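# Commentary on secondary and tertiary structure
In case you want the letters, here they are:
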Amino acid sequence: MKKIFVSYSTKDNDAANKIVEGIKLAGHDVWFAPDKILGGDNYAENIEQGIEQSELFVLLASKHAIGNKELKLEGSEEVANEIQLAKKHGLKIVPLKLDNSLIVGASGGNNYHFIRKQWIDVAAALESGDFDSVVGQIVTTADSLTSKSIDEAYIEEAELALLVGDTQQAMDVMALHSFSKSNRSRAEFVKLLAKLLKSGVKGLDIDKANTIATTLQRLRDSDIKPSATYLLAVLNEFCFRKNGFKTSIEPFNLLKDSVKTHETVPLKYRAIIDKLLPHESQFAVEWLM
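So, how was this worked out
- Residues numbered from 1 in each chain as written.
- Predicted model: local features only at pLDDT ≥ 70, side-chain atom pairs only at ≥ 80, totals over all residues.
- Heavy atoms only, no water.
- Phe/Tyr/Trp six-rings, centres within 6.5 Å; stacked < 30°, edge-to-face > 60°.
- Helix = DSSP H or I, 4+ residues; strand = E, 2+ residues; numbered from the N terminus.
- Buried < 20%, exposed > 50% of the residue type's maximum accessible area, 1.4 Å probe, protein only.
- Expected span 1.5 Å × (residues − 1).
- Bend = angle between axes of the 7 residues up to and from the residue.

### Quick notes on the packing of aromatic side chains
Considering all chains together, one arrives at eleven aromatic pairs under this definition. Arranged with centres 5.0 Å apart and planes meeting at 15 degrees, the rings of Phe-5 and Trp-31 form a pair that is stacked. With Phe-5 in strand β1 (residues 3–7) and Trp-31 in strand β2 (residues 29–31), this residue pair connects regions lying 26 residues apart in the sequence. Since its relative accessible area comes to 1%, Phe-5 is described here as buried. Here Trp-31 falls in the buried class, since its relative accessible area comes to 9%. Where Phe-283 meets Trp-287, the ring centres are 6.5 Å apart and the plane angle is 20 degrees; that geometry is what we call stacked. Of the two residues, Phe-283 and Trp-287 are both situated in helix α17 (residues 283–288); the distance of four residues between them amounts to about one turn of the helix.

Right under this line is the structure:
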């Protein structure tokens, strides 16, 4: 038996009631707002307690709940808050597809919560009333999901935003959270990447360039040394050298040689950093030679 929190928009009441009944019949403990919150209760406090006491977060993903980019609809503010609380408490999130919003894209930040999530189509079950297979899929999907720390969840969400070109979203995500010591270097690096992608490299003035270079030199002593070294080389080539700034940064070959052969730059960071390079540049190729 699993303790399941069901998040939904009140505009999807009929679907929510059917799905919740199906989950209950399968023997699971369901936290469902209409059953748990009585008149006069503190709504927000009850919701957080319900999420904190659950082990799985099932979202009824519809245009009403998460929004729909194609229809230019915003999602439910209450659902968005519940998603953030689920992330805060480290719950595994399983979206149930009620319409095509997961496919065409949810609104705002919701899109980044679900772009890589395994979702389950419940259209046939809603029509037939048979939820046995859906409940089985929910549990199987949840069991297959890897639990991640809150730090990792936020960092990966920001990295994904950078990969798809939404720099502001990445900056907003990273601003929402304070990171533990074990993840601080990676978080600092991702924040720096977002700032550079927003401003560009060549247009930096000498003071900003020196501040970034100092940070990257320090990050070379951390677990992200290869990525920090690669970005430092890009900064040196396309900011300091292009602008004629004086610098004590080692030249390209020394930076490259300072990274051992087994210390490769992760592909996601290569893809993000390479967005800073001119289209005709052979810099990335030369780094690998």
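Let's pick the thread back up.
### Some remarks on helix α14 (residues 225–243)
For α14, spanning 19 residues, the distance from its first C-alpha to its last is 26 Å, which sits close to the expected 27 Å at 1.5 Å a residue. For α14, the principal kink sits at Asn-236 and spans about 30 degrees. With 15 of its 19 residues buried, α14 lies for the most part within the structure. Backbone geometry just after α14 places Gly-244 at a positive phi near 75 degrees.

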